[in-house]
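Notes for the structure review
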Amino acid sequence: MSQIQTGLLVLLLTLLGVVGYNVYLHETTPNEISYTKFVQLLKDGKIKQVHLKGGLVTGEDILKHEFSSYVPHVPSLMPILDSRSIKITAEKDSGNFDRFISSMVPIFLIFGGYLIFSRMQTGGTPGFGKDKGKTFQPKKNTGLTFDDVAGISEARIELVEIVESLKHPDKLSSLGGYIPKGVLLQGPPGTGKTLLAKAIAGEASVPFFSIGGSDFVEMFVGVGASRVRELFTEAKKNAPCIVFIDEIDAIGGKRSGGNASGSSDEREQTLNALLVEMDGFDSDQTVIIIAATNRPDILDPALLRPGRFDRQVTISLPDVKGRRKILEVHAKKIVLSHGTNLSNIARSIPGFSGAEIANLVNEAALMAARKNKSAVESSDFDAAKDKISLGLERNNVVVNEKDRRVTAYHEAGHAITARLLPDTDPVHKISIIPRGQALGLTQQLPLDDRYTYSREYLINRIKTLLGGRAAEEIIFNHQTTGASNDLIGATEIASRLVCEFGMSTTIGPIAYMQDQSGFLGGGSTIRPYSEKTAERIDNEIKGIIEQCHDETKELLIANNKFLHKLAEALLVNETVDSEEFDIVHHCYVNEKNIEKDLMKTRKEG
Ligand code: ADP
Ligand code: ZN
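Residues numbered from 1 in each chain as written. Chains lettered and ligands numbered in written order. Predicted model: local features only at pLDDT ≥ 70, side-chain atom pairs only at ≥ 80, totals over all residues. Heavy atoms only, no water.

Details of helix 5 (residues 153-167)
Here helix 5 spans 21 Å end to end across 15 residues, near enough to the 21 Å set by a 1.5 Å rise per residue. Taking the largest bend as the criterion, helix 5 deviates by roughly 30°, centred on leucine 159. The set of residues buried in helix 5 consists of Ala155, Leu159, Ile162, Val163, Ser165 and Leu166. (Helix = DSSP H or I, 4+ residues; strand = E, 2+ residues; numbered from the N terminus. Expected span 1.5 Å × (residues − 1). Bend = angle between axes of the 7 residues up to and from the residue. Buried < 20%, exposed > 50% of the residue type's maximum accessible area, 1.4 Å probe, protein only.)

Details of the pattern of salt bridges
Counted according to the given criterion, the structure contains 20 salt bridges. The partner of glutamate 551 in a salt bridge is lysine 463, with the nearest N and O atoms 2.5 Å apart. In this pair, glutamate 551 sits in helix 19 (residues 531-558) while lysine 463 sits in helix 17 (residues 455-476), placing the two residues 88 residues apart along the sequence. A relative accessible area of 31% means that glutamate 551 is categorised as partly exposed. Via salt bridges that share partners, Lys373, Glu377 and Asp380 belong to a single interconnected network. (Salt bridge = Lys/Arg side-chain N within 4 Å of Asp/Glu carboxyl O.)

Details of the site of ligand 1
Close to ligand 1 lie 15 residues; Ala150, Gly190, Lys193, Thr194 and His330 are nearest. At a separation of 3.4 Å, an oxygen atom of ligand 1 approaches a polar backbone atom of alanine 355. Contributing elements (two or more residues each) for the shell around ligand 1: helix 7 (193-204), helix 12 (320-331) and helix 14 (354-370). Counted by class, the shell around ligand 1 contains seven nonpolar, six polar and two charged residues. Residue-level mapping places the shell around ligand 1 at the junction of two domains, with at least three residues from each of domain 2 (133-314) and domain 3 (320-390). (Near = heavy atom within 4 Å. Polar contact = N/O pair within 3.5 Å; in protein donor to acceptor, adjacent residues only side chain to side chain. Nonpolar A, V, L, I, M, F, W, Y, C, P; charged D, E, K, R; others polar. Domains from an automatic or database assignment.)

Re the packing of aromatic side chains
In total, this model carries four aromatic pairs according to the counting rule given. Aromatic side chains phenylalanine 562 and phenylalanine 581 sit 6.0 Å apart centroid to centroid with 15° between the ring planes, which places their arrangement in the stacked category. Residue phenylalanine 562 is located in helix 20 (residues 560-573), and its partner phenylalanine 581 is located in helix 21 (residues 578-604); the two are separated by 19 residues in the primary sequence. Across this residue pair, the class does not change: phenylalanine 562 and phenylalanine 581 are buried. Look at phenylalanine 562 and tyrosine 588: their rings are 4.8 Å apart centre to centre, the planes differ by 10°, and that puts the pair in the stacked class. With phenylalanine 562 in helix 20 and tyrosine 588 in helix 21, the pair connects residues that are 26 residues apart, well separated along the chain. Take phenylalanine 562 and tyrosine 588: they sit in the same class, and that class is buried. Ring pairing ties together the aromatic residues Phe562, Phe581 and Tyr588, which thus form one cluster. Looking at arginine 419, its charged tip hangs above the ring of phenylalanine 581, at a distance of 5.5 Å from the centre. (Phe/Tyr/Trp six-rings, centres within 6.5 Å; stacked < 30°, edge-to-face > 60°. Lys NZ or Arg CZ within 6 Å of the ring centre and 35° of its normal.)

Quick notes on the packing of helix 2 (residues 35-43) against helix 3 (residues 74-83)
Remark: helix 2 packs on helix 3, axes separated minimally by 11 Å, with the N-to-C direction vectors making an angle of 25°. Our classification of the angle between helix 2 and helix 3 gives roughly parallel. Like other packed secondary-structure pairs, helix 2 and helix 3 cross with a definite hand, here left-handed. In contact with Tyr35, Phe38 and Leu42 of helix 2, helix 3 contributes Leu77, Ile80 and Leu81. (Axes fitted to C-alpha atoms, helices over the stretch in contact; angles between N-to-C directions. Parallel < 35°, antiparallel > 145°, perpendicular 65-115°, else oblique. Left-handed = near helix turned anticlockwise from the far one by under 90°. Contact = heavy atoms within 4.5 Å.)

Comments concerning the sheet that holds strand 3 (residues 66-70)
Spatially, the four strands line up as an open sheet ordered 3-2-1-4, and their pairing is mixed. Each edge of the sheet is formed by a strand with only one pairing partner; in this case those strands are strand 3 and strand 4 (87-91). Put simply, the sheet's adjacent strands are angled 20° from each other on average, direction ignored. As judged from the five bridges shared by strand 2 (residues 56-61) and strand 3, these two strands associate in the antiparallel manner. In the sheet register, threonine 58 faces strand 3, and the bridge partner there is serine 68. Along the sheet, helix 3 makes contact with strand 1 (47-53) and strand 4, crossing strand 1 at roughly 155°. (Pairing = 2+ DSSP bridges.)

A short note on a negative patch on the surface
Residues Glu154, Glu158, Asp577 and Glu579 make up a contiguous surface patch of negative charge. Note that glutamate 154 resides in helix 5. (Patch = residues over 30% accessible without salt bridge, like charges linked within 9 Å, V, L, I, M, F, W, Y side chains within 5 Å. Areas by Shrake-Rupley, 256 points an atom, 1.4 Å probe, with all protein chains shown as cover. Lys, Arg positive; Asp, Glu negative; His and termini not counted. Charge placed at Lys NZ, Arg CZ, Asp CG, Glu CD.)

Details of the coordination of the zinc ion (ligand 2)
Distances from the zinc ion (ligand 2) to its protein donors, His410 (NE2), His414 (NE2) and Asp486 (OD), fall at 2.0 to 2.1 Å. Going along the chain, you hit the donors of the zinc ion (ligand 2) in the pattern H-x3-H-x71-D. With histidine 410 and histidine 414 both in helix 16 (residues 401-420) and four residues apart, the pair spans about one turn of that helix. Like histidine 410, the residue histidine 414 is buried in the burial classification. (Donors = N, O, S within 2.8 Å, 3.2 Å for Na, K, Ca; no water.)

Details of the confidence of the model for the protein chain
The share of residues in the protein chain with pLDDT of 70 or more is 75%, and the mean pLDDT across the chain is 79. Confidence, expressed as mean pLDDT per element, reaches its minimum in the protein chain at helix 1 (residues 3-28) with 57 and its maximum at helix 20 with 94. Throughout residues 391-396 the model reports pLDDT below 50, and contacts reaching past four residues in sequence, or to other chains, amount to four contacts. Contacts of residues 514-525 to residues separated by more than four positions or lying in other chains number 15 contacts, the stretch itself having pLDDT below 50. (pLDDT = per-residue confidence, 0-100.)

Let's talk about the environment of alanine 569
Looking at the secondary structure, you find alanine 569 in helix 20. Linking alanine 569 and alanine 412, residues 157 residues apart in sequence, is a C-alpha distance of 9.5 Å. Each residue touching alanine 569, except ones within four places of it in the same chain, is listed here: Glu574, Val576 and Val584.

Section: helix 7
Its twelve residues place the ends of helix 7 17 Å apart at the C-alpha level, agreeing with the 16 Å of an ideal helix rising 1.5 Å per residue. When helix 7 is considered as a whole, its buried residues turn out to be Lys193, Leu196, Ala197, Ala199, Ile200, Ala201, Gly202 and Ala204. Next to the buried residues of helix 7 lie helix 5, strand 5 (182-186), strand 6 (208-212), strand 7 (241-246) and strand 8 (287-293). One or two positions beyond helix 7, positive phi appears at serine 205, with a value near 40°.

Description of the sheet that holds strand 12 (residues 575-577)
A sheet is described by the order of its strands in space; here three strands give the open sequence 11-10-12, paired in antiparallel fashion. The sheet is open, and its two borders are formed by strand 11 (441-444) and strand 12, each paired with just one other strand. In this sheet, neighbouring strand axes are inclined to one another by 10° on average, regardless of whether the strands run parallel or antiparallel. The pairing of strand 10 (residues 427-431) with strand 11 spans four bridges and is classified as antiparallel. Following the sheet pairing, serine 431 is matched in strand 11 by leucine 441. Across the sheet, helix 21 touches strand 10 and strand 12, and the angle it forms with strand 12 is around 85°.

As structure tokens, then:
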């Protein structure tokens, strides 16, 4: 139930309470009759018994009808009552106070309802009916371990260290080492970020606080910030512990810098409070904050500074191997028939996230149950897959075979260009698993932080970006829209090369760009040069791109066997990591050498 629904329900119940109370009041004063009528009935001998309470008379007539009436002066009634054989009971008048209290009941009800409602809205209005500590209750033990999270070997290595520092906080600090404060888990939804955070807490057996970023952002300015402070007060009491903030982008989005509207004002205050809390830990309080997001791009850079979320762990959609492992984890919970081949199933669900795989296993079990089977079979997985995929196809996650091939060659083109050219960043990972808008990805990791770039590095970067499109042209003889981002990237580098870095031979070492943020993006572009110069700059940029494109194409044609080999590997495995890429390259170089030798011997022979 959403908050609004619950709120409405509470309001409704309050109203019902008020109405009900009034009905009750009326029930307790049944069939009110006038005093004249009462006296008349009394004189006619039709009253059997009365009950007196202050001025109120209630009773029963001889037909057992209940009645009530107000008596203006009770003492003068007594002689009449005494003269008849009527059963009389009396009760001390509760007085004005009771009546006052009962008249207040509806107001209490309304007020109480409002309090509950506003608590739901704000999750604890400061100062008002707040039960401290109740709002943030840690889970004492999540009971999960790394074994519950499959296919995350890369992330695991980085996180083991966190577990260690939670287990032995004194060990690290006595060595003068610094305990990481914040870890940012980034990746698409359903890839197990929450699960992983819980597993870290479980491995270290420390308490686990969990809250959604959007839970902080409230209607009233300042509430989110005070909730942050509350959370950290509780966390410090429970240290060592883990605080997990899901969807941190809800509060951690880039700050607007000045012109804040109401709601973003609240968000900024909340974010500031979080930053202050993170900076304010003592070293003896091991509180590790794990945040999750699928939008790392919109996070405020202040969050990522050292001492804050300076550990960033990327969790991507699982590849075939990962999917198989996740299947194994979840298949443990069901009865699997002996003939079921999990590898085949893993192969048949490209693009599935961990959550979707968990769902698949569950659906398959339901399918089997529906057919009264004693174990879940491959056919159940197929049926479940179809059921889920139909939903997924709408999200364009399932990629057809043609697109997969094009993507495989495209990504291979990027990777090979990067590999064959000197002075480029090493290829870290190549993948044709669709994510978001992109059908594939080639990830390069710089060896170290570069502060200066050589012209060659920049040119080769452009070539690497153009390599995807060039490979498509060579193999399929066509161009696709998939390369548009690459082109934007390449053009941007070429522009900066010419205008900002002054590296163009024809234009010369003059910086034309004064405002680099304004390039391609928003902001104002200052062009302190003539139209004619602008034309020369445009031509120069175009020239660089064209030359890079042609040279890349030549490079790929000369190494087209490498291209085919890598594309094949991608089509089979979906992801090729740096080691596997090395192996493919190695095979290619070996075969090339053998061929060369053959040619040589043929010529000689
Ligand atoms: P996220 O926080 O990234 O959106 P969750 O951690 O909430 O994803 O994952 C939802 C569910 O999907 C988990 O509870 C688990 O059942 C399943 N799941 C996701 N990733 C994995 C994984 N790597 N191994 C095992 N189960 C997973
Ligand atoms: Zn590309």
